[in-house]
Amino acid sequence: MISELFNKVFKSNWNCPAITDDHQTINYKELYELSSAIKDHLAFKGAQQGDTVALHLPNGLALAASYLTCIMGNYRFVPISIDYTESTKQFILKQTSVK
């Protein structure tokens, strides 16, 4: 399973840089912890494996961690750019079965 592969890679590179954006760099341990927190939040909001979730975040660490969370947690995801107009965002939400 892909989540097992991610866990193996993460733990073997725990202290190595994983993601860098314009403001900071985080290592694999920090990325794992951030992704776990996002997964817990999705579960708290009622999302279950296989559900479709919308990702509406600016480009950066949080968005990258959210993608990873969806892959590891077996969620389908619909990225919705923060730059889209409100009508485009609503159209996307209506066309998808997001939680």
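Residues numbered from 1 in each chain as written. Predicted model: local features only at pLDDT ≥ 70, side-chain atom pairs only at ≥ 80, totals over all residues. Heavy atoms only, no water.

Visitor: An account of the packing of helix α2 (residues 28-44) against helix α3 (residues 61-72) is needed here, citing residue identities and associated values.
Guide: The relative placement of two packed helices is expressed as an angle between their axes plus a distance between the axes. Across the interface, α2 lies against α3 with an axial gap of 9 Å and an inter-helix angle of 65 degrees. On the basis of the axis angle, α2 is roughly perpendicular to α3. At the point where α2 passes α3, the crossing takes the right-handed sense. In this structure, α2 contributes L31, Y32, L34, S35, I38, K39 and L42 to the contact, and α3 contributes L61, A62, A65, S66, L68, T69 and M72. Of the residues assigned to the contact of α2 with α3, the class counts are 10 nonpolar, 3 polar and 1 charged. (Axes fitted to C-alpha atoms, helices over the stretch in contact; angles between N-to-C directions. Helix = DSSP H or I, 4+ residues; strand = E, 2+ residues; numbered from the N terminus. Parallel < 35°, antiparallel > 145°, perpendicular 65-115°, else oblique. Left-handed = near helix turned anticlockwise from the far one by under 90°. Contact = heavy atoms within 4.5 Å. Nonpolar A, V, L, I, M, F, W, Y, C, P; charged D, E, K, R; others polar.)

Visitor: Give me α3: which residues, what numbers.
Guide: Here α3 spans 16 Å end to end across 12 residues, near enough to the 16 Å set by a 1.5 Å rise per residue. Taken together, the buried positions of α3 are L61, L63, A65, S66, L68, T69, C70 and M72. (Expected span 1.5 Å × (residues − 1). Buried < 20%, exposed > 50% of the residue type's maximum accessible area, 1.4 Å probe, protein only.)

Visitor: I'd like a rundown of the nonpolar core, residues and numbers included.
Guide: L31, L42, V53 and Y75 are the most contacted members of the largest nonpolar core, which totals 17 residues. Contributing elements (two or more residues each) for this core: α2, β3 (52-55) and α3. Dropping the residues within four chain positions of it, L31 is found in contact with F10, A18, I19, I26, A65 and L68. (Core = buried A, V, L, I, M, F, W, Y, C linked by side-chain atoms within 4.5 Å.)

Visitor: For unusual backbone geometry, give the residues involved together with the corresponding values.
Guide: A positive phi angle is found at N74, which is not glycine, with a value near 60 degrees. Along the chain, N74 turns up in the loop between α3 and β4 (76-79). In this structure N74 comes out as partly exposed when scored by relative accessible area, which is 43%.

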